[in-house]
Amino acid sequence: MQAYGGVSIVNAIPSWYGSSMAVNLKVNVEITKGKYNGGSKLISTIITYLKEKFNLEDFDVKISSEIPQESGLKSSSAVSTALIGEVKRKFGLNIDVVKYSAILSILAGVSYTGALDDAVSAYYGGISYTYNKEFKIIKKSNPPLDISIIILPKGGRGKVNLNKLRSYELIFYEIFKLSLSDPITAMKYNGILVGEILGYDLTPVKKALEKGALASGISGNGPSIFAVTKEGEEGPIIDEFNLYGKVILTKAVGLDSEDK
Ligand SMILES: Nc1ncnc2c1ncn2[C@@H]1O[C@H](COP(=O)(O)OP(=O)(O)OP(=O)(O)O)[C@@H](O)[C@H]1O
Ligand SMILES: O=C(O)C1=C[C@@H](O)[C@@H](O)[C@H](O)C1
């Protein structure tokens, strides 16, 4: 099964309310014969849990991914929803894929709130709005059609200062409320604020905004940086981000079929 990476609209760690936008960076997971002996704690936790709960035979997985890891681009939620979705399809299970993804991501120690926001955009495409404390989906919607997403991927995230992020609960809740009607402005405020709180260098973000980006900031807990432009207006931002590393130009992904 396929799922998508994403960029943050609102980080859910401070207020438990989160929002994420799927982008066209794909993960594909296949189930194969054999037994998993790879090194991913997330994959082994999911396989062990589902095998025991539903009494399944051993299986192995083949993962192909275009999403950089440990970078804030929702790689773990994409892999986890694609794997659980594939297990559901292959073994004919009646399970809530995104809820299992959130619970098992916490169990595997790869997420703080379960990142249901990331799981919903990864699995269904589009924009997610969630309340992660109660594993609740508030709304799913389509992104604007005429935008481009420019990503400066960075890896090797250090330890995230959760308490510092959490102390900004009120302002992140206000940004979440704004995001319901204006996701692009919200992702700009969220992305700048996360960068300032966690101490990332925001020079590329400042330059992107000066050059006319609709939004720019840190995605997830970083360190990757994104910018949003109107389609056809990417050039100056790509030139700017190219000064800092290899750039990815991609698109927002619309909502897929609910019937999964
Ligand atoms: N492509 C992958 N293959 C196997 N395991 C993966 C893959 N991507 C992520 N994981 C698992 O998820 C864990 C966390 O991944 P990662 O830090 O990349 O999450 P992320 O989604 O980028 O973070 P964020 O939530 O900030 O966007 C990894 O340590 C690994 O166990
Ligand atoms: O670990 C988590 O719970 C999260 C991590 C980041 O991706 C955030 O963007 C997300 O909203 C929540």
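Scoring rules and cut-offs
Residues numbered from 1 in each chain as written. Chains lettered and ligands numbered in written order. Predicted model: local features only at pLDDT ≥ 70, side-chain atom pairs only at ≥ 80, totals over all residues. Heavy atoms only, no water. Near = heavy atom within 4 Å. Polar contact = N/O pair within 3.5 Å; in protein donor to acceptor, adjacent residues only side chain to side chain. Areas by Shrake-Rupley, 256 points an atom, 1.4 Å probe, with all protein chains shown as cover. Nonpolar A, V, L, I, M, F, W, Y, C, P; charged D, E, K, R; others polar. Helix = DSSP H or I, 4+ residues; strand = E, 2+ residues; numbered from the N terminus. Buried < 20%, exposed > 50% of the residue type's maximum accessible area, 1.4 Å probe, protein only. Domains from an automatic or database assignment. Contact = heavy atoms within 4.5 Å. Buried area = accessible area lost by both parts, 1.4 Å probe. Arc of directions from axis to C-beta. Expected span 1.5 Å × (residues − 1). Core = buried A, V, L, I, M, F, W, Y, C linked by side-chain atoms within 4.5 Å. Pairing = 2+ DSSP bridges.

**Some words on the site of ligand 2**
Stage number 1. Near ligand 2, the surroundings consist of 13 residues, among which A12, Y112, T113, D117 and D118 are the closest.
Stage number 2. The contact in question runs from an oxygen atom of ligand 2 to an N or O atom on the backbone of Y112, over 2.8 Å.
Stage number 3. D118 places a side-chain nitrogen or oxygen 2.8 Å from an oxygen atom of ligand 2.
Stage number 4. Within the complex, the protein chains bury 93% of what would otherwise be the 310 Å² of accessible surface of ligand 2.
Stage number 5. Considering only residue class, the shell around ligand 2 consists of three nonpolar, seven polar and three charged.

**Things to note about the environment of G109**
Stage number 1. Assignment of secondary structure puts G109 in the loop between α3 (97-107) and α4 (116-124).
Stage number 2. By relative accessible area, which is 59% here, G109 ends up exposed.
Stage number 3. Counting along the chain gives 101 residues from G109 to E210, while the straight-line C-alpha distance between them is 38 Å.

**Digging into the domain arrangement of the protein**
Stage number 1. Segmentation of the protein into domains returns domain 1 (2-141) and domain 2 (147-251).
Stage number 2. Just the C-alpha atoms count here: the centres of domain 1 and domain 2 sit 22 Å apart.
Stage number 3. Each partner contributes to the interface: domain 1 provides 30 residues, whereas domain 2 provides 36 residues.
Stage number 4. Around 2,500 Å² of area is buried between domain 1 and domain 2 when both sides are counted, 68% of it from carbon and sulfur atoms.

**Focus on helix α8 (residues 203-210)**
Think of an α-helix as 3.6 residues a turn; residues three or four steps apart then line up on the same face.
Stage number 1. For α8, every residue scored as buried is listed here: P204, V205 and A208. An end-on view of α8 places all buried positions within 100 degrees of arc, on one side of the element. For α8, the exposed residues lying more than 90 degrees away from the buried face are K206 and E210.
Stage number 2. Looking at the buried residues of α8, the elements they touch are β6 (147-152), α7 (183-198), β7 (215-218), β8 (225-230) and α9 (235-242).

**Some thoughts on helix α2 (residues 75-91)**
Stage number 1. The terminal C-alpha atoms of α2 lie 24 Å apart, and with 17 residues this matches the ideal 24 Å at 1.5 Å per residue to within 8%.
Stage number 2. Where burial is concerned, most of α2 is hidden: 13 out of the 17 residues are buried.
Stage number 3. At the C-terminal side of α2, G92 shows a positive phi close to 65 degrees.

**A look at unusual backbone geometry**
Stage number 1. At the junction of G222 and P223, the peptide bond is cis and its omega measures out at 0 degrees in the coordinates.
Stage number 2. A positive phi angle is found at E70, which is not glycine, with a value near 50 degrees.
Stage number 3. Structurally, E70 can be placed in the loop between β3 (60-65) and α2.
Stage number 4. Residue classification places E70 among the exposed positions, given a relative accessible area of 53%.
Stage number 5. Notably, A115 is not glycine yet its phi reads approximately 50 degrees, a positive angle.
Stage number 6. Following the sequence through the fold, A115 ends up in the loop between α3 and α4.

**Focus on the nonpolar core**
Stage number 1. Counting residues in hydrophobic clusters, the biggest one holds 77 residues, and the most contacted among them are V7, M21, M187 and F241.
Stage number 2. Broken down by element, this core gets its largest block of residues, seven residues, from strand β2 (residues 17-32).
Stage number 3. Of the residues that make up this core, three or more belong to each of domain 1 (2-141) and domain 2 (147-251).

**Comments concerning the pairing of β6**
Stage number 1. Counting buried positions along β6 gives six out of six residues, so the element sits mostly inside the fold.
Stage number 2. One ladder, built from six bridges, connects β6 with β8; its direction is antiparallel. Within β8, the residue paired with I150 across the bridge is A227.
Stage number 3. The pairing of β6 with strand β9 (residues 248-251) spans four bridges and is classified as antiparallel.

**Describing the site of ligand 1**
Stage number 1. Every one of the 17 residues lining ligand 1 counts as a neighbour, but E70, K74, S75, S76 and R157 are closest to it.
Stage number 2. In this structure, a nitrogen atom belonging to ligand 1 sits 3.4 Å away from a side-chain N or O atom of Q69.
Stage number 3. One nitrogen or oxygen atom from the side chain of R157 is found 2.8 Å from an oxygen atom belonging to ligand 1.
Stage number 4. The protein chains hide 85% of the 630 Å² of surface that ligand 1 would expose on its own.
Stage number 5. Only α1 (41-54) and α2 provide two or more residues apiece to the shell around ligand 1.

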